[in-house]
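Residue strings, one per chain:
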Amino acid sequence: MTLPAEFIEKYQKLLGEESNNFFEAIDKQSKKGFRLNPLKYNYQDVQYSLKEPIEFTSDGYYGGVSGRDSEWTGGYVYSQDPSAMYPAVALDVKPGDIVLDLCAAPGGKSTALASALRNEGVLVANEISRSRAKDLRENLERWGATNVVVTNESPDRLAKKLPAFFDKILIDAPCSGEGMFRKDPDAMQYWSQEYVITCQTRQKEILAEAMKMLKPGGEIVYSTCTYSPEEDEEIVAWLVENYNLKVEPLKLFKGMSSGRPDWTGANLPDLKETVRLWFQNGVGEGQFVARLRNTEENSNNESKTEKRKKKRQKKTTVTRLNKEEIATVEKVITNFVLPTGLENWQKEVLQSNGHVFVPALDPEILNDLHILNNGVELGLLKKKRFEPSHQLAEVLGQKEQRQLINFEDKANYERYLHGETIKVDSKLRGFVLVAYRNHIFSFGKIGNDQILKNFYPKGLRK
Ligand SMILES: C[S@@+](CC[C@H](N)C(=O)[O-])C[C@H]1O[C@@H](n2cnc3c(N)ncnc32)[C@H](O)[C@@H]1O
């Protein structure tokens, strides 16, 4: 691989003799990884080998997966570079936390954060790019958590709506992507020292907005997939200098090394507590990870809270369901076993233009934001009929279900993914969940003719 001369010179200076290993590793194959989804029923029942766990994760393994497998369509796995698994681990999310993933698409880290929350608390997964936000929504839909909000916003618009709102924030910042060079050599064509500095400026702008959303005592994890000190240690030094933030120690596992205070002007000793993953050390591609705690004890956000209350009074198109409508939804829902987060759906359920949903956050708090998902869309109410949503099928994959058609044969699974109807030998009627290898991936509907009507969304068909 031909690297830019300026890049070679820079890393020879920074790494000294180690730079030989670094440059050699760029030409080697990357080691793939995947994460399992502990939210799903019998989640370790997958066709992949689980013999090579990734040490610092609870659900990460070395190996490859395919987007056609039922493990993928049913949200049992997410393919992720092993080093990219560390930022979500470092944020140490606990059930009940209010969490923001500010730069979230395509969702590798968001899915891990949702796993850690176990349906309790809230994850707001935000992505600024419209097309990438769509992928993020789809990936999180497959994951099947009940407590996720997906937004497509700029950090500053989000910060205006949600001041001092989050316990934990992940900022997996856009960066010069040096850690992606061997996976995606095209990424190299954008590289220049000038680009590194442009990225640094953008990272500071994003972090300044993130800080407005962090509660006193809250924690942030800042990560990049680049090696440049300007976007890594220097950013952390800037954060410490400009905010009441303290660097928190992160555990070093095999293949990880400490951050480099000596690569910054500030030479702040705490930078040693940050973590670098280099591709020559065998844990996937490159990653930098830092964890910082907000040492402010009180929020002077009183007036902001007041503002939020006022904004809550603004009208939205969201309404409650009447008794008859709840009964219509109930007729379908009652056939399925519901996971945590949906047990009290009758009390919490709302609708917007017929879309019936159980919100993860009060929609009025989110008023004016571009929301792609708030909690779980149960389905669509059409006069006296209710059609369950695809998202609900993925959510119901958390539990063992009886109202289920489990294809024995891979050909039927493939035909269903393609959008075909299937003749089934079953006494079940009406809406059923559809699975292959017990991985629930869709709804279907069976009539008296025993034909399974296809409800796999047109946009996802393969
Ligand atoms: C490193 S990627 C995120 C990867 C993601 N966290 C994951 O694990 O799948 C950085 C993301 O930041 C987004 N981004 C770019 N410019 C941004 C900005 N000014 N503010 C916020 N996000 C931005 C990009 O669209 C991109 O999706």
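Numbering of residues begins from 1 in every chain and follows the order in which that chain's sequence is written. Given that the model is predicted, a residue must reach a pLDDT of at least 70 before its local features are reported, and side-chain atom pairs must reach 80 or more before they are shown or counted; all residues, however, enter totals for whole chains, interfaces and linings. Excluded from the side-chain calculation are hydrogens and water; included are all heavy atoms of the structure.

For the protein chain, an unreviewed UniProt entry supplies the name RNA methyltransferase and the organism Lactobacillus taiwanensis. The heading Sequence similarities (unreviewed entry) in the UniProt record of the protein chain holds the text "Belongs to the class I-like SAM-binding methyltransferase superfamily. RsmB/NOP family." UniProt positions are given in the numbering used here, feature names are shortened, and annotations may be inferred rather than shown by experiment.

Draft legend 1. View of the packing of aromatic side chains. Geometry of aromatic contacts follows a simple scheme: Phe, Tyr and Trp rings, the Trp one being its six-membered ring, pair when their centres are within 6.5 Å, and the pair is stacked under 30 degrees between planes, edge-to-face over 60, tilted otherwise. Going through the model one piece at a time under the given rule, you end up with 29 aromatic pairs. Plain terms: the ring middles of Phe441 and Tyr456 are 5.8 Å apart, the flat faces sit at 70° to each other, and that makes the pair edge-to-face. Here Phe441 is found in strand β22 (residues 439–446), whereas its partner Tyr456 is found in the segment after β23 (451–454), with 15 residues between them in sequence. You'll find Phe441 and Tyr456 in the same group, each marked buried. An aromatic cluster of at least three residues, connected via ring pairs, comprises Phe7, Tyr11, Phe22, Phe23, Phe181, Trp191, Tyr227, Trp263, Trp278 and Phe279. A cation over a ring is seen here: Lys31 above Tyr62, with NZ or CZ 4.3 Å from the ring centre. Strands here mean DSSP runs of E at least two residues long; helices mean DSSP runs of H or I at least four residues long; both are numbered from the N terminus. Relative accessibility thresholds used throughout: buried, under 20% of the residue-type maximum; exposed, over 50%; partly exposed, between the two (1.4 Å probe, protein chains only). Charge-over-ring placement is defined geometrically: NZ (Lys) or CZ (Arg) within 6 Å of the ring centre, and within 35 degrees of the ring normal.

Draft legend 2. Geometry of unusual backbone geometry. Pro106 follows Ala105 through a cis peptide bond whose omega is 5°. Secondary-structure assignment places Pro106 in the loop between β4 (98–101) and α5 (108–117). Residues other than glycine seldom take positive phi values, yet Arg118 does so here, at roughly 55°. With respect to the helices, strands and loops of the structure, Arg118 is situated in the loop between α5 and β5 (122–126). Phi at Asn438 is positive, roughly 65°, even though this residue is not glycine. Note on placement: Asn438 falls in the loop between β21 (430–436) and β22. A relative accessible area of 41% means that Asn438 is categorised as partly exposed.

Draft legend 3. Summary view of the nonpolar core. Here, the term nonpolar core denotes a set of buried Ala, Val, Leu, Ile, Met, Phe, Trp, Tyr and Cys residues that are joined through side-chain atoms within 4.5 Å. Counting 41 residues, the largest nonpolar core has Val329, Leu378, Phe407, Tyr416, Phe441, Phe443 and Leu452 as its most contacted members. Mapped by element, the contributors of at least two residues to this core are α11 (323–333), β15 (355–358), β17 (376–382), α13 (390–396), β19 (404–407), α14 (410–418), β21 and β22. Contacts were defined at the residue level, with two residues in contact if any of their heavy atoms lie within 4.5 Å. With residues up to four places along the chain from it excluded, the contact list for Phe407 reads Asn412, Tyr413, Tyr416, Ile422, Val434, Ala435, Tyr436, Arg437, Phe441 and Leu452.

Draft legend 4. Structural view of the pairing of β15. Pairing analysis gives 3 bridges linking strand β14 (residues 350–352) to β15, with the strands arranged antiparallel. Looking at the pairing, Gln351 lines up with Val356 of β15. Pairing between two strands is assigned when DSSP locates at least 2 bridges connecting them. Joining the antiparallel neighbours β14 and β15 is a turn of 2 residues, in which Asn353 adopts a positive phi near 50°. Pairing geometry for β15 and β17, over 4 bridges, is antiparallel. Directly across from His355, in β17, lies its bridge partner Leu380.

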